[in-house]
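Next come the chains, spelled out residue by residue.
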Amino acid sequence: MGIKERTKKALEQIRVVERMDTVFNAMTGLGGARDKGNQVGVDVARTTLDDAEKDTLGRFDGYAVSWFERLSNEATLTGWDVKVGNDVQQQMRAHERRLGVTDKMRRGLHGGVLNGASLILMVTDQKSLEKPLNLDKVKELKALHVFDACEFQPYEFETDYRDPNWRKPKTWQLMPQVAGVVTGRSNSDIHTKGQRVHHSHCIYIPGRELSDRLRSENNGKDDSYLDSAWDAIKDMLSIDQGGAVLAQEMKQDVIKMGGLEAVDAGALGQVMRDRMKTIIAGKGLLGMIVLAEDDSYESRAATTQGYKDLKAGGKSTFAAVSNQPETVAFGATPGGLNTDGEAGRRFWDRVVAAVQKTHLLPALDKLYPVIIATMDEPIEDWRIEFRPLGTLTPMEQAEVHNKNAQTDRIYRQEGVLAAEHIRKSRFGEDGYQGILPVADEDVVPTDPSRAFAGPQGRSVLEIILQVATKSLPRESGISQMVTLYNIDPIAAEDMMGAVGTSFFVEKEEVEPAPDVKTPADDLGIQGGESD
């Protein structure tokens, strides 16, 4: 058979795959369906982990436990601020402490990323949970309850495309595993029949978010982050188990028995067993190796070559799928003079900040309107800001406080903030915090350090005296005060008062202007001098 015939037959037997990036070799199959480098396909029959598997991994697997606890703890560790007025802020903090908002959000986020979804029920004084929550009638938010993914499921989906909740659950069916969570009655059949709750009473915290289509196919919930990371975790566990086997076989005993050439072949097995029993008995009873004259014994160390590379590859894969730098996931200390540790920490902070925005912020935006509805004063202008991530060293904290103090002093001197507002904002009941919003009606008192002192104060008084004695027009005097001494026009008008309009004095009655002593003099602050 010639080359043409063999090529034609090969082409008939091989399913040709059109490729644009290489040349198909009809003889070897390279570049076609028989290419061994082209055999990886997508397993469309793959299923997600079930609840029991996720519970087991979330409780006992060290990689999964540290991953999800680290994420949920750090996302809620530094907390957040609800930007409202000072008086309302204290009342808001009291509600947060009473309801345990931070802890409930931490638990909800942990359950969401682990199981794919969690639900927080807002228990108010509204009797019917099946009807939409009416914020205008809510007077009290009594409690927050967190439910795992296995404790709730959609009862009805929203079918009206004009509703913002379209294609999402309209009503949830709650099936708590502890009696009385929703109704407070231990004899309730809620844990057998369930309780239908309108979605407006609930805060849904997602896991790895799916599209609306996939979420509807997934019983109204998102996926667990474990589903996409399971292969990497499984590989890490296999490598760890292989390392454990190597550790148990690090030392291998080698015994060479002599004189066996003279033993009959039929009795060879029995002779070897008898000698091994003697050696084992001697090692166990006497702590020594008993050998015959021609026997020899040596101990060899098992080789672990390649295990370190396998472990490093597994770590890199797990770090990639979990979005955790190795310095964070495994506590690895970067060597040399590189900045991998700092860069890894910044990357992880960005991951946590993204989770705060995508998972926590929507939940908080749904919770705080209910809290605000129960407060005495209506609040329309409010917002949530997450505090900076990370923990500062005492030296870094001192530097931050020093810079903030300098900024606060400038705000105080320029009349932007009052000292009392700065004190309440920075040193409130919850410790050192940021500056709270200023209400429109807040009055900022005059700063003594900005008062005129010395020659500058005398010059201003001279201008007023000149206006009083009709030596200088009133408008010119005010203009000089504004231009030469940078006094606010309204303040210059107030300082001039009735001088130049209804109040005048004779020149003979005028005495030289005395030195003006102001509160700034008591503080030792020198005012600007004017020629």
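Residue numbers restart at each chain and count upward from 1, following the sequence in its written direction. Under the rules for a predicted model, residues below a pLDDT of 70 receive no local features and side-chain atom pairs below 80 are neither given nor counted, while totals for whole chains, interfaces and linings still include all residues. With hydrogens and water excluded, all non-hydrogen atoms of the structure serve as input to the side-chain values.

Before we move on, can you summarise the overall build of the protein with the specific residues and values?
Each helix corresponds to a stretch of at least 4 residues labelled H or I by DSSP, and each strand to a stretch of at least 2 residues labelled E; elements are numbered beginning at the N terminus. A count of helices and strands for the protein gives 18 helices and 12 strands. Under the scheme applied here, a residue whose accessible area is under 20% of the maximum for its type counts as buried, over 50% as exposed, and between as partly exposed, the area being computed with a 1.4 Å probe on protein chains only. Here the protein holds 531 residues, and the buried ones make up 34% of them. In this description, accessible areas are obtained by the Shrake-Rupley approach with a 1.4 Å probe, and a residue is regarded as covered only by the protein chains that are shown. If you sum the accessible surface of the protein, you get close to 32700 Å²; carbon and sulfur atoms cover 52% of it.

So what's going on with the side chain of T78? Which residues, and what values?
Turning to its location among the elements, T78 is positioned in the loop between α3 (62–77) and β1 (80–83). T78 gets classed as buried once you look at its relative accessible area, which sits at 17%.

Talk me through the confidence of the model for the protein; I want residue IDs and the actual numbers.
Each residue carries a pLDDT score, the predictor's confidence in it, ranging from 0 to 100. Averaged over all residues, the pLDDT of the protein is 80; the fraction at 70 or higher stands at 78%. Across the protein, the element-wise mean pLDDT spans from 47 in helix α18 (residues 519–522) up to 96 in strand β7 (residues 202–206). For the stretch residues 180–187, pLDDT sits under 50, and the model shows 13 contacts to residues farther than four places along the chain or on other chains. Contacts from residues 525–531, a stretch scored under 50 in pLDDT, to residues over four places away or in other chains number nine contacts. Only heavy atoms enter the contact rule, under which two residues are in contact if any of them lie within 4.5 Å.

If you had to explain helix α9 (residues 268–285) to someone new, which residues and values would you point to?
One fewer than the residue count of a helix, multiplied by 1.5 Å, yields its expected span. Helix length check: α9, at 18 residues, gives a terminal C-alpha distance of 26 Å against a target of 26 Å (1.5 Å per residue), a fit within 8%. Directly beyond the C-terminal end of α9, a positive phi value near 70° is found at G287.

I'd like a rundown of the packing of helix α8 (residues 225–248) against helix α10 (residues 307–322), residues and numbers included.
Every axis corresponds to a line fitted to the C-alpha atoms, with the helix fit spanning only the stretch in contact, and the corresponding angles, defined between N-to-C directions, vary from 0 to 180 degrees. At their nearest, the axes of α8 and α10 sit 9 Å apart, and the two run at 155° to each other. Judged by the angle between their axes, α8 and α10 are roughly antiparallel. As for the relative orientation of α8 and α10, their crossing is left-handed in sense. Facing α8, whose interface residues are A229, A232, I233, M236, I239, D240, G242, G243 and L246, α10 presents Y307, L310, K311, G314, K315, T317, F318 and V321. Reported orientations rely on four angle classes, namely roughly parallel under 35 degrees, roughly antiparallel over 145, roughly perpendicular from 65 to 115, and oblique for the rest. Working rule for handedness: look at the near helix, and if it is turned counterclockwise from the far one by less than a right angle, call the crossing left-handed; if clockwise, right-handed.

Summarise the environment of M496; cite the residues concerned and give the values.
For M496, the position within the fold is in helix α17 (residues 489–496). If we skip the residues at most four places from it in the chain, M496 touches I464, V467, R474, G477, I478 and M481.

Account for helix α16 (residues 474–485), with residues named and values stated.
An α-helical turn contains 3.6 residues, so a residue and the one three or four places further along point in the same direction. When the terminal C-alpha atoms of α16 are compared, their 16 Å separation across 12 residues agrees well with the 16 Å that a helix rising 1.5 Å per residue should span. Note on α16: the residue one or two positions beyond its end, N486, has a positive phi of about 55°.

Mind laying out the sheet that holds strand β4 (residues 152–157), listing which residues take part and the relevant values?
Whether two strands pair depends on DSSP finding at least two bridges between them. The sheet built from three strands is open, its strands ordered β4-β5-β6 with antiparallel pairing. Single-partner strands in this sheet number two, and they are β4 and β6 (195–198). Shown here is a sheet whose adjacent strand axes are inclined to one another by a mean of 35°, direction ignored. In terms of strand pairing, β4 meets strand β5 (residues 169–174) through five bridges, oriented antiparallel. In the strand pairing of β5, F152 is matched with L174.

Summarise the pattern of salt bridges; cite the residues concerned and give the values.
Should a side-chain nitrogen of Lys or Arg be within 4 Å of a carboxyl oxygen of Asp or Glu, the pair is scored as a salt bridge. This structure, assessed with the given rule, holds 20 salt bridges. As a salt-bridge pair, D222 and R215 come within 3.3 Å of each other at their nearest N and O atoms. Given a relative accessible area of 11%, R215 falls into the buried group. Connected through salt bridges with shared partners, the residues D81, R93, E96 and R387 form a single ionic network.

Can you lay out the side chain of K311 for me, pointing to particular residues and giving the numbers?
You can see K311 is positioned in helix α10. A relative accessible area of 17% means that K311 is categorised as buried. Every residue in contact with K311, bar those within four places of it in the chain, is listed here: Y63, M236, I239 and D240.

I'd like a rundown of the pairing of β7, residues and numbers included.
The element β7 is extensively covered by neighbouring structure, given that four of its five residues are classed as buried. Alignment of strand β2 (residues 117–124) against β7, held across five bridges, turns out to be antiparallel. Looking at the pairing, S118 lines up with I205 of β7.

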